[in-house]
Amino acid sequence: VSESEFACLKAANLRFAIVRCYRSTGSIDTACAASIAAAHAGSMDSVHAYMFPHPKGGDAKGQVGDLLDYFKAHSVDVQRLWLDIEGEQYWLGSATSNQAFYRDLADACSSYKLACGVYSSKGQWEAIFGSSSFSYGADLPLWYAHYDKAASFSDFSAFAGWSAPTIKQFSDAGAKCGTSYDISWAPSLP
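Every value quoted in this text rests on a predicted model; they were computed, and no experiment measured them.

S.K.: Could you give me a rundown of the state of the cysteines, with the residues and numbers involved?
M.R.: On inspection of all chains with the given rule, the structure shows three disulfides. Across a sulfur-sulfur distance of 2.0 Å, Cys-21 and Cys-32 are joined as a disulfide pair. On the S-S bond that ties Cys-21 to Cys-32, the torsion sits near 70 degrees, and the link is right-handed. Of this pair, Cys-21 sits in strand E1 (residues 16–22) while Cys-32 is found in helix H2 (residues 32–41), placing the two residues 11 residues apart along the sequence. With a relative accessible area of 0%, Cys-21 lands in the buried category.

In structure tokens, the structure reads:
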């Protein structure tokens, strides 16, 4: 997404950007650095990144480290990295193994002193970890998905230790300023 597209989105009252920087295939999204720089130049209020981890590729801490090396090499400046926890087919097939990988991923945030958050939904969490009560990392902010087209947390159902979310993704039909995007709502970003 270009600087002019971000500036146009900002003028349309879209205040923050969360850019994909790591793919589920275990590779850096090479469009990340340019999109993050364009979001800053386009005057977005908050610029974050998200990481779709690759559990079948092993070494959660190594994946976070690779992304941070990319950030450093390309001067990527984000306020928070969101860990995208969805897509049961991308995970390890065992709730116990999935939980261990996720623990390592969340611990990597702490180890690297990195501000992280979690993107997931109750249904995805249950499918991947075997229970909505698995609560490791519940101290991280939650960005949840529910495509009900409502910019409100009124539909939120507590899970995994989260009693309140930070962001809600409520539509995948955003299309303005020459680009398409998912639409999320947050009263304030951490």
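Having seen the structure, we can now continue with the description.
S.K.: Summarise the side chain of Ser-121; cite the residues concerned and give the values.
M.R.: Looking at where Ser-121 falls in the secondary structure, it is placed in the loop between strand E4 (116–120) and helix H5 (122–129). Assessed through its relative accessible area of 16%, Ser-121 is described here as buried.

S.K.: Tell me about the sheet that holds E4, and name the residues and values.
M.R.: The seven strands lie next to each other as E1-E2-E3-E4-E5-E6-E7, forming an open sheet whose pairing is mixed. Bordering the open sheet on either side are E1 and strand E7 (179–185), each of which pairs with just one other strand. For this sheet, the mean angle separating the axes of adjacent strands, direction not counted, is 30 degrees. One ladder, built from three bridges, connects strand E5 (residues 142–145) with strand E6 (residues 167–176); its direction is parallel. Bridging across to E6, Tyr-144 finds its partner in Lys-168.

S.K.: Go over unusual backbone geometry, please, and point to the residues and values.
M.R.: Positive phi values are uncommon outside glycine, yet Lys-113 reaches one of about 55 degrees. Its location among the elements puts Lys-113 in the loop between helix H4 (95–111) and E4. Given the relative accessible area of 75%, Lys-113 is considered exposed. The phi angle at Ala-160 is positive, at roughly 55 degrees, despite the residue not being glycine. Within the element layout of this structure, Ala-160 appears in the loop between E5 and E6. Classification of Ala-160 by relative accessible area gives buried; the value is 2%.

S.K.: Could you give me a rundown of helix H3 (residues 60–73), with the residues and numbers involved?
M.R.: With 14 residues, H3 ought to run about 20 Å at 1.5 Å a step, and its terminal C-alpha atoms sit 20 Å apart, in line with that. Looking at H3, one finds that the buried residues are Ala-60, Gln-63, Val-64, Gly-65, Leu-67, Leu-68, Tyr-70 and Phe-71. On its buried face, H3 sits against E1, H2, strand E2 (46–51), strand E3 (81–84) and H4. Of the residues flanking the end of H3, it is Ser-75, one or two places downstream, whose phi is positive at about 55 degrees.

S.K.: Describe in detail the packing of aromatic side chains, supporting the description with residues and values.
M.R.: All chains considered together, the criterion is met by 19 aromatic pairs. Residues Phe-156 and Phe-159 carry aromatic rings whose centres are separated by 6.2 Å and whose planes lie at 45 degrees to one another, so their mutual orientation is tilted. Considered together, Phe-156 and Phe-159 belong to a single accessibility category, that of buried residues. Here a set of aromatic residues connected by ring pairs shows up, and it is made of Trp-91, Phe-101, Tyr-102, Trp-125, Phe-129, Phe-134, Tyr-144, Phe-153, Phe-156, Phe-159, Trp-162 and Trp-185. Here the guanidinium or amino end of Lys-61 rests over the ring plane of Tyr-112, the centre of that ring lying 5.4 Å away. Just above the ring of Trp-82 sits the side chain of Arg-80; from NZ or CZ to the centre is 6.0 Å.

What counts and how
Residues numbered from 1 in each chain as written. Predicted model: local features only at pLDDT ≥ 70, side-chain atom pairs only at ≥ 80, totals over all residues. Heavy atoms only, no water. Disulfide = S-S within 2.5 Å. Helix = DSSP H or I, 4+ residues; strand = E, 2+ residues; numbered from the N terminus. Buried < 20%, exposed > 50% of the residue type's maximum accessible area, 1.4 Å probe, protein only. Pairing = 2+ DSSP bridges. Axes fitted to C-alpha atoms, helices over the stretch in contact; angles between N-to-C directions. Expected span 1.5 Å × (residues − 1). Contact = heavy atoms within 4.5 Å. Phe/Tyr/Trp six-rings, centres within 6.5 Å; stacked < 30°, edge-to-face > 60°. Lys NZ or Arg CZ within 6 Å of the ring centre and 35° of its normal.

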